[in-house]
Amino acid sequence: MVLTTGDSTWDKGLDVMVEGPARRVTDRRTLERLAEAWRTKWTGQWQYDVGDEAFTNDIGGTALVFAVQPTKVLAFGKGTYSQTHYTPR
């Protein structure tokens, strides 16, 4: 699996790509902890509850949650256009 995140601009920000095997997260305690962390990160704009082995809400329905065990991480800087990589041991 590949997980990516970044900025939609061409000349600033950082894009990150994480490669590794993914597994579905279904443990209620872990899902509750993650839901609370995301609620605080986006000042309440991210509103999912924990349902039956997934996140749920009234607008978007069910959202499955996955954890990625990194085997390789790549980062690409924009503006200065740099790159680096990291391989976990």
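Since we're looking at a predicted model, the values are computed, not measured.

Draft legend 1. Spatial organisation of the pairing of strand β2 (residues 14–19). Here 4 bridges tie strand β1 (residues 2–5) to β2, and the two strands are oriented antiparallel to one another. Bridging across to β2, L3 finds its partner in V18. Relative to strand β8 (residues 72–77), β2 is paired through 6 bridges, and the arrangement is antiparallel. Counted as the bridge partner of D15 is F76 from β8.

Draft legend 2. View of the pattern of salt bridges. Summed over all chains, the structure comprises 5 salt bridges. Among the salt bridges present, the one from E32 reaches R28, with a minimum N-O distance of 3.1 Å. Here E32 pairs with R28, and both are found in helix α1 (residues 28–41), just 4 residues apart, close to one helical turn. Here R28 falls in the partly exposed class, since its relative accessible area comes to 45%. In this structure, R39 engages E36 in a salt bridge whose closest nitrogen and oxygen atoms are separated by 3.1 Å. Residue R39 and its partner E36 are both found in helix α1; the two are separated by 3 residues, about one turn of the helix. For E36, a relative accessible area of 41% corresponds to the partly exposed category. Among the charged side chains, a network of salt bridges with common partners joins E36, R39 and D49.

Draft legend 3. Up close: α1. End to end, α1 covers 20 Å across 14 residues, agreeing with the expected 20 Å (1.5 Å per residue, within 8%). Three or more residues of α1 are buried, namely L31, L34 and A35. Mapping the buried residues of α1 onto a view down its axis gives an arc of 100°, with all of them on the same face. Exposed positions of α1 whose direction lies more than 90 degrees from the buried face are R29, R33 and T40. Considering only its buried residues, α1 is in contact with β3 (22–25), β4 (49–50), β5 (55–57) and β7 (65–68). Following α1 by one or two positions, T43 adopts a phi angle in the positive range, close to 40°.

Draft legend 4. Broad picture of the sheet that holds strand β6 (residues 61–63). Strand order across the open sheet formed by 3 strands is β4-β5-β6, with antiparallel pairing between neighbours. Two strands close off the open sheet at either side, each with one partner strand: β4 and β6. As paired strands, β4 and β5 are joined by 2 bridges and run antiparallel to one another. Directly across from V50, in β5, lies its bridge partner F55.

Basis of the calculations
Residues numbered from 1 in each chain as written. Predicted model: local features only at pLDDT ≥ 70, side-chain atom pairs only at ≥ 80, totals over all residues. Heavy atoms only, no water. Pairing = 2+ DSSP bridges. Helix = DSSP H or I, 4+ residues; strand = E, 2+ residues; numbered from the N terminus. Salt bridge = Lys/Arg side-chain N within 4 Å of Asp/Glu carboxyl O. Buried < 20%, exposed > 50% of the residue type's maximum accessible area, 1.4 Å probe, protein only. Expected span 1.5 Å × (residues − 1). Arc of directions from axis to C-beta. Contact = heavy atoms within 4.5 Å.

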